[in-house]
Amino acid sequence: MSANAYATLLTSDSYLPGALVLGRRLALLSSAPCSLVVLVSDNVSKSSRQLLAEVYDSVVLVPRIISKDIPNLHLLGRPDLEDTLTKCHLWNLPFSKVVYLDADVVPVQSLDLLFEEELGPGDVLAAPDSGWPDYFNSGVLVLKPHAATYDELINEAAKEGSSFDGGDQGLFNTVFPDWNRLSFCYNVTQQASSQYEYLPALLANASKVRAFHFIGSQKPWESRAFETCGYPDSSRPFYAAWWDTFDTHYFGERAAAVFTASSGVDTELPEGLLTTTVDKTLGEAWNLSLDKHVNEWDREETSGYTPGVLELNPPKELVEAYEVNDDKVEPEKQFPWDAHKVPATRYFPEDR
Ligand SMILES: O=c1ccn([C@@H]2O[C@H](COP(=O)(O)OP(=O)(O)O[C@H]3O[C@H](CO)[C@@H](O)[C@H](O)[C@H]3O)[C@@H](O)[C@H]2O)c(=O)[nH]1
Ligand SMILES: [Mn+2]
């Protein structure tokens, strides 16, 4: 196994499309010698794991870690995130450096530079959270697996009151208060129904964005129609990039297989959908890995997508909405008495 790995996490079938698209994009954009790893919890179905094994080098089974701070998840407005503490198992992976990405992240440029960062045991690199920038967002992390840090995280996760948001982000920000800051370009967060998106900054930095993160309960795979998804308009190119990758690799019966698996229906994938089947049964050992298997359609890259800088083409209406238009500039406000103002005809020296 190489020393470096990209990793993600799947604790429910419902995030399967996200994990698949993330894996496909990492494989396409990365040229570093590294492994692609997905941690899956035991409630993830066999068909989801089979689909993951097409993309990821290792599908690693881990036990779920359930939050002891469920009330804090209600404060966050995300009671569905009861098991994101399962992310702690990242620190137990057999790699010297791990670049972790949430399943709802869409990379738009290579992230390989992150493997060049100097990192000691217990160090964490992350980008600020857009909601509270003194804390880091735990959707993109660079970390060094380390036994003592892993033990500490597992011990803390078992305690009530250890996560102020009930999820991993609240726990990790408490355990790693001296985190090192990554550029926001590695984890540009945007949320459906968000009131504040700082559009000028996004446009000014468009060519530097490396990964976009669809935080919040609405995810791109839940609706193909951007108009109905509730994201701000500036998310549109990233949303389109997500669907472009999905459509490139999953269409017809294969798309149906992904959505069936993501709905939690565990069916044997039909002959022909997977050219090789995962014959190793997942046993009791939690750190069992499945080897990657290759399909016919993987041999020739069918994607029309060219890696590189994603062109941010904000829709015309959006540009117009933000353009300074002289016609739209309101005349200076006048007080009622200004209308009757009589120009001065004489000035006295003290007025000058
Ligand atoms: O049903 C689920 C829920 C979560 N996940 C995994 O856990 C990650 C975190 O959940 P997500 O919905 O992405 O959380 P965010 O909306 O991104 O919310 C923030 O808050 C979470 C809780 O602290 C952190 O895990 C996130 O990194 C942080 O961005 C997902 O991307 C998946 O990898 C699943 O597989 N299935
Ligand atoms: Mn996320």
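Scoring rules and cut-offs
Residues numbered from 1 in each chain as written. Chains lettered and ligands numbered in written order. Predicted model: local features only at pLDDT ≥ 70, side-chain atom pairs only at ≥ 80, totals over all residues. Heavy atoms only, no water. Axes fitted to C-alpha atoms, helices over the stretch in contact; angles between N-to-C directions. Helix = DSSP H or I, 4+ residues; strand = E, 2+ residues; numbered from the N terminus. Parallel < 35°, antiparallel > 145°, perpendicular 65-115°, else oblique. Contact = heavy atoms within 4.5 Å. Nonpolar A, V, L, I, M, F, W, Y, C, P; charged D, E, K, R; others polar. Phe/Tyr/Trp six-rings, centres within 6.5 Å; stacked < 30°, edge-to-face > 60°. Buried < 20%, exposed > 50% of the residue type's maximum accessible area, 1.4 Å probe, protein only. Near = heavy atom within 4 Å. Areas by Shrake-Rupley, 256 points an atom, 1.4 Å probe, with all protein chains shown as cover. Core = buried A, V, L, I, M, F, W, Y, C linked by side-chain atoms within 4.5 Å. Polar contact = N/O pair within 3.5 Å; in protein donor to acceptor, adjacent residues only side chain to side chain. Donors = N, O, S within 2.8 Å, 3.2 Å for Na, K, Ca; no water. Tetrahedral: all angles 85-135°; square planar, octahedral: opposite > 155°, others 65-115°. Pairing = 2+ DSSP bridges. Right-handed = clockwise from strand over helix to strand, strands pointing away.

Right, let's get into the packing of helix α1 (residues 16–29) against helix α8 (residues 236–249). The contact between α1 and α8 brings their axes to 10 Å, and the two run at 85°. By the angle between their directions, the pair α1 and α8 is classed as roughly perpendicular. In contact with Pro17, Gly18, Val21, Arg24 and Arg25 of α1, α8 contributes Ala241, Trp242, Thr245, Phe246 and His249. Looking at the contact of α1 with α8 residue by residue, the class counts come to 5 nonpolar, 3 polar and 2 charged.

How two aromatic rings sit relative to each other is set out by the distance from centre to centre and by the angle between their planes. Applying the stated criterion across every chain, the model contains 19 aromatic pairs. Look at Trp242 and Trp243: their rings are 5.0 Å apart centre to centre, the planes differ by 75°, and that puts the pair in the edge-to-face class. When its relative accessible area of 1% is taken as the criterion, Trp242 is described as buried. Members of the aromatic cluster, joined through ring pairs, are Tyr15, Trp221, Trp242, Trp243, Phe246, Tyr250 and Phe259.

This part takes up the site of ligand 1. Taken together, 24 residues sit near ligand 1, with Leu9, Tyr15, Arg78, Asp168 and Gly216 positioned nearest. Computed on the free molecule, ligand 1 has an accessible area of 650 Å², of which 95% lies beneath the protein chains in the complex. Of all the elements in the fold, those that place two or more residues in the shell around ligand 1 are β1 (4–10), β7 (136–143), α5 (168–175) and β10 (211–215). The biggest single contributor to the shell around ligand 1 is β7, with 3 residues. Looking at side-chain class alone, the shell around ligand 1 contains 7 nonpolar, 10 polar and 7 charged residues.

Another point: the nonpolar core. In this structure, Leu52 and Leu101 are the most contacted members of the largest nonpolar core, which totals 57 residues. In terms of residue count, the dominant contributor to this core is α1 (6 residues). Filtering out sequence-adjacent residues up to four positions away, Leu101 remains in contact with Tyr6, Ala7, Thr8, Leu9, Leu22, Leu26, Leu111, Gly139 and Val140. Within the second largest apolar cluster, 29 residues are counted, among which are Ile65, Trp91, Leu93 and Phe176.

Our next topic: the side chain of Lys219. Looking at the secondary structure, you find Lys219 in the loop between β10 and α7 (226–229). Here the side chain of Lys219 touches Phe214 through a polar contact of 2.9 Å, landing on its backbone oxygen.

Attention now moves to the coordination of the manganese ion (ligand 2). All of the protein donors around the manganese ion (ligand 2) are Asp102 (OD), Asp104 (OD), Asp104 (OD) and His213 (NE2); their distances to the metal are 2.2 to 2.3 Å. Angles of 56 to 171° at the metal separate the 6 donor atoms of the manganese ion (ligand 2), which places the site in the irregular class. All donors of the manganese ion (ligand 2) come from a single chain, and their spacing in sequence reads D-x1-D-x108-H. Linking Asp102 in the loop between β4 (97–101) and β5 (105–107) with His213 in strand β10, this pair joins segments that are 111 residues apart in sequence. Grouping residues by exposure puts Asp102 and His213 together as buried.

Once that is clear, we can look at the sheet that holds β10. The mixed open sheet is built from 3 strands, whose spatial order is β5-β10-β9. Here the strands that pair on one side only, and so sit at the sheet edges, are β5 and β9 (188–191). When strand polarity is set aside, the average angle formed by the axes of neighbouring strands in this sheet is 20°. Examined bridge by bridge, β5 and β10 share 3 bridges and lie antiparallel to one another. Considered in β10, the bridge of Val106 is made with Phe212.

Right, let's talk about the pairing of β1 for a bit. Two faces make up the sheet, and in a regular strand the side chains alternate between them. Of all 7 residues making up β1, 7 are buried, and the element is well covered by its neighbours. A two-sided burial pattern is seen for β1, the buried positions comprising Asn4, Tyr6, Thr8 and Leu10 on one face and Ala5, Ala7 and Leu9 on the other. Pairing between β1 and β4: 4 bridges, direction parallel. Bridge pairing links Tyr6 to Val99 in β4. In terms of strand pairing, β1 meets strand β2 (residues 35–41) through 6 bridges, oriented parallel. In the strand pairing of β2, Thr8 is matched with Val38. Traced from β1 through α1 to β2, the parallel crossover comes out right-handed.

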